Amino acid sequence: MLMANRQKLKTKKKKENESSRYFDILPMVIQGHPQDRAPLITRLRKRFSRALSVLAFLCRYANMAHRLFEDKEHASAYQKYRISPSETLMGKVVDFLEKKKGKPFDLAVDVGCGSGQGTVLLAPHFKQVIGTDISPAQLEMARACSSAPNVSYRESAAEDLPFADGAADLVTAVTAAHWFDVPRFLREADRLLAPRGCLALLSYTMDMELQYGEEDCSRRLNQVCRELYAALWTYRNPHLEADSVAQYKKIFDSIPYPEKEWNDCVWERKKITLGHYIGMVQSFSNYQTMLKKDPEKARRLSQDFTDKFLAVMGASSVETEVVLGVRYFYVLARKP
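The rules behind each value
Residues numbered from 1 in each chain as written. Predicted model: local features only at pLDDT ≥ 70, side-chain atom pairs only at ≥ 80, totals over all residues. Heavy atoms only, no water. Salt bridge = Lys/Arg side-chain N within 4 Å of Asp/Glu carboxyl O. pLDDT = per-residue confidence, 0-100. Contact = heavy atoms within 4.5 Å. Helix = DSSP H or I, 4+ residues; strand = E, 2+ residues; numbered from the N terminus. Expected span 1.5 Å × (residues − 1). Phe/Tyr/Trp six-rings, centres within 6.5 Å; stacked < 30°, edge-to-face > 60°. Buried < 20%, exposed > 50% of the residue type's maximum accessible area, 1.4 Å probe, protein only.

Undergrad: For this particular structure, what's the right way to read the pattern of salt bridges?
TA: A side chain of one charge can pair with a side chain of the opposite charge if their charged atoms are brought near each other. Evaluated as defined, the whole model comprises 13 salt bridges. Put simply, glutamate 241 and lysine 250 hold a salt bridge, and the shortest N to O gap is 3.1 Å. Ionic contacts of the salt-bridge type, sharing partners, join the residues Lys100, Glu259 and Arg334 into one network.

As C-alpha cells, then:
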C-alpha cells in the first residue's frame, strides 16, 4: 500500500513538472513572432500531443487582435456605406513609394482590407494587389465587388501574413491599424517589405462634418452630429484610445525606420445622401455594440437622429444630398 502511494505521488509530481514546462513555453508560442513558433510547437508536440487542439486555439486567438465587423450583415453594411480614401489621397502614397523606391511596383498588400474599398484603389499602380483580412464575411463581400484582374484576397491575421520575406513593395492598412497588435504587425510588415519598400497607414477622425444649405443650417447640423457621436461614445471599444490621432502618432513613433512622414488634417469632402451617412454611422463598431446589447435602443437612436437631421434641413427624405467632410491623417515610412 505504501509503495503504491509513493508511486502515485511520483507520477503526480512528474505530471506537474511536465505541465510547468508546458506553461513556461506557451507564452513564447502565443506572443512570439510566427517564424519563432515552429521549433517551440515541435517541442510541445513531442510531449503534449493531447494539448495541441488547445494550443492551436490559443495561437489563433493570439492572431485575432481585435476581431470585429465579421458577421455577414455587418460586412454588407460596411461595404455599402463605409467611405474610402480618394484616388488623390492614395496617389500621395504611390508618389511617396515612387520617390523613395522607384518603379516597377510588383506587389502591394493591403492589410485589414475589409470589403476592399481601399484595396482596389491600388490596382492601377501595381502588377499585383492582395488584400488580407481575418473576416471571411468581409472577404466574401470584397471578392463579390471586385472586378480588377490583378486584385485578389486572402484570409489572414495582420500579425501573421502568408507571404515570403521581402515580397512586397508596399504594405498598407486603411482605417485598420488601430485594431492590430501593433508591435507584432510592425515586425511582420518589416519582414514582408522588400528593401526600400514602404509602409502606409491611413485613417480618419470620427468628428465628421455635414454641409447643407446656408452656413447656419450646416452649423446646426453639425451640432446634431456631435450629439450623435456623444451618444455612441459610451459604446466605444476600450481598445481604442480617446484620441485616434494620438493613437496613430504612437504607432508613428514606434516605426523603427529613419525615413518616415506624419501627415495630419487632410480634409476630403464628397456628396452623399443623408441615408448613406446614417448607414455609415450604423456600420461603426460602437453602434454595432449598442445594437447587440440593446437592439431597440439602437434603432430608436438611429430614428431619432434621422428625424433631427431632417428637421434641421427642412427636408422630408433621407435621399436628400449633403456634403460629408472627413479629416484624414496618414503615416508613410520607408524600409532601409
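Undergrad: Honestly, the confidence of the model for the protein chain in this entry has me stumped. Any pointers?
TA: Should pLDDT be low for a region, the predicted coordinates there are not to be read in detail. Across the protein chain, pLDDT averages 85, with 79% of residues at or above 70. Long-range and interchain partners of residues 18-35, a stretch whose pLDDT sits below 50, account for 35 contacts in this model, where long-range means more than four residues apart. Counting interchain partners and residues more than four positions distant, the pLDDT-below-50 stretch residues 48-66 has 27 contacts.

Undergrad: What is the right way to read the side chain of aspartate 169 from this model?
TA: Here aspartate 169 lies in strand β4 (residues 168-174). Setting aside its immediate chain neighbours within four residues, aspartate 169 contacts Leu97, Lys101, Pro104, Phe105, Asp106, Leu107, Phe126, Leu193, Ala194, Gly197 and Cys198.

Undergrad: How do you make sense of helix α8 (residues 215-233) when you look at a structure like this?
TA: Think of an α-helix as 3.6 residues a turn; residues three or four steps apart then line up on the same face. When the terminal C-alpha atoms of α8 are compared, their 27 Å separation across 19 residues agrees well with the 27 Å that a helix rising 1.5 Å per residue should span. Packed against the buried residues of α8 are β6 (209-211), α10 (274-283), α11 (285-293) and α12 (295-313).

Undergrad: Which parts of the structure should I look at to understand the packing of aromatic side chains?
TA: The relative placement of two aromatic rings is captured by the distance of their centres and the angle of their planes. The full count for this structure, using the stated rule, is seven aromatic pairs. Considering the side-chain rings of tyrosine 277 and phenylalanine 309, the 5.6 Å spacing of their centres and the 90° angle between planes classify their relative orientation as edge-to-face. Of this pair, tyrosine 277 sits in helix α10 while phenylalanine 309 sits in helix α12, placing them 32 residues apart in sequence. Per residue, the accessibility class of tyrosine 277 equals that of phenylalanine 309, and both read buried. Aromatic ring contacts, followed pair by pair, group Tyr248, Phe252, Trp262 and Phe329 into a single cluster.

Undergrad: What is the right way to look at helix α5 (residues 87-100) in this model?
TA: Counted at 1.5 Å a residue, the expected span for α5 with its 14 residues is 20 Å, and the 20 Å between its end C-alpha atoms agrees. Here α5 has its buried residues at Leu89, Met90, Gly91, Val93, Val94, Phe96, Leu97 and Lys100. The secondary structure elements touched by the buried residues of α5 are β4, β5 (193-204), β7 (259-273) and β8 (321-334). Within two residues after α5, glycine 102 carries a phi angle of roughly 90°, on the positive side.

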